[in-house]
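# Chains, contacts and geometry: an overview
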Amino acid sequence: MRRVDYIVGARDFKGLIAEQFMQDAVYAYHPEDSAEALAQTMTEEGFGSVPIVDQDQHLLGIVSEFDLLHAIKEERSLSGVPAGDLMTPAPVTVKRETPAMDLIDRLEAKHLIRMPVVDEEGKLLGVVARRDILLGYLNATRQTKVF
């Protein structure tokens, strides 16, 4: 579910937090999954990256389209490359209570498109993307019609 779809009018955008923007139905993979499986999901679903987690959903890293393209450039077969070999460990993350303006600052500072949202134990809760924040802004500041 994309929670930002449920933000409707007359809210202070700056008072919104990551939990209100994030997508909580996230495709996540394990280090032993093939890079080909990741590439398939990323191209079919339109994601630029996917999180890599352990069996308990603790975030281990992230694999981006750039990581996959780099493997192809090195003439590695994606079907034979495990995600763990390509992932960027310890990606930039946010907590569910991270304020909207802090989300924007982190995305800008690292030129990111999306960031995983984790709990205090490092378990993946969801992903927040630039597009989600833009939609949250529009939904929060849109004038609602009164009948």
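Predicted, not measured: the structure shown is a model, and the values here were computed from it.

Tallying each qualifying case throughout the model produces two salt bridges. Note that arginine 96 and glutamate 19 form a salt bridge whose closest N and O atoms lie 3.4 Å from each other. Note that arginine 96 is positioned in the loop between strand S4 (94-95) and helix H5 (100-110) and glutamate 19 in helix H1 (residues 18-21), a separation of 77 residues in sequence. The class for glutamate 19 is partly exposed, based on a relative accessible area of 24%.

The next point concerns the sheet that holds strand S5 (residues 114-118). The strand order across the open sheet built from three strands is S4-S5-S6, with neighbouring strands paired in mixed fashion. With partners counted over all chains shown, the strands left at the sheet margins are S4 and strand S6 (124-129), one partner each. Sheet analysis places S5 next to S6, joined by five bridges and oriented antiparallel. Residue pairing for S6: arginine 114 is matched across the bridge by alanine 129. This element, H5, spans S4, S5 and S6 of the sheet and lies at about 130° to S5.

Among the structural elements, isoleucine 113 can be located in the loop between H5 and S5. Sequence-wise, isoleucine 113 and serine 49 are 64 residues apart; in three dimensions their C-alpha atoms are separated by 8.9 Å. Those residues in contact with isoleucine 113 that sit more than four places away from it in its chain are Leu107, Val128, Ala129 and Arg130.

Looking now at the nonpolar core. By size, the foremost hydrophobic cluster in this structure holds 15 residues, and its most contacted members are Ala35, Leu38, Ile52, Val63, Leu68, Leu78 and Leu86. Among the elements of the structure, helix H2 (35-45), strand S1 (49-53), helix H3 (65-73) and helix H4 (83-86) are those that each provide at least two residues to this core. Once you skip the residues sitting within four places of it in the chain, valine 63 turns out to touch Leu38, Met42, Gly48, Ser49, Val50, Ile52, Leu68, Ala83, Leu86 and Met87. Residues Leu16, Phe21, Leu107 and Met115 belong to the second largest nonpolar core, which totals 14 residues.

The terminal C-alpha atoms of helix H6 (residues 130-141), which comprises 12 residues, lie 17 Å apart, in line with the 16 Å expected from a rise of 1.5 Å per residue. Of the positions making up H6, those classed as buried are Asp132, Ile133, Gly136, Asn139 and Ala140. Mapping the buried residues of H6 onto a view down its axis gives an arc of 125°, with all of them on the same face. Turned more than 90 degrees away from the buried face of H6 sit Arg131 and Leu134, all of them exposed. Buried residues along H6 sit against H1, H5 and S6.

What the three strands build is an open sheet, ordered S1-S2-S3; its pairing is antiparallel. At either end of the open sheet lies a strand with only one pairing partner, and these are S1 and strand S3 (88-89). Bridging between S1 and strand S2 (residues 59-64) involves five bridges; their strand directions are antiparallel. When the sheet's bridge partners are listed, valine 50 is paired in S2 with valine 63. Where H2 meets the sheet, it contacts S1 and S2, and its direction lies at approximately 140° from that of S1. Each of S2 and S3 touches H3; the most contacted strand, S2, lies at about 65° to it.

Reading the values: rules and limits
- Residues numbered from 1 in each chain as written.
- Predicted model: local features only at pLDDT ≥ 70, side-chain atom pairs only at ≥ 80, totals over all residues.
- Heavy atoms only, no water.
- Salt bridge = Lys/Arg side-chain N within 4 Å of Asp/Glu carboxyl O.
- Helix = DSSP H or I, 4+ residues; strand = E, 2+ residues; numbered from the N terminus.
- Buried < 20%, exposed > 50% of the residue type's maximum accessible area, 1.4 Å probe, protein only.
- Pairing = 2+ DSSP bridges.
- Contact = heavy atoms within 4.5 Å.
- Axes fitted to C-alpha atoms, helices over the stretch in contact; angles between N-to-C directions.
- Core = buried A, V, L, I, M, F, W, Y, C linked by side-chain atoms within 4.5 Å.
- Expected span 1.5 Å × (residues − 1).
- Arc of directions from axis to C-beta.

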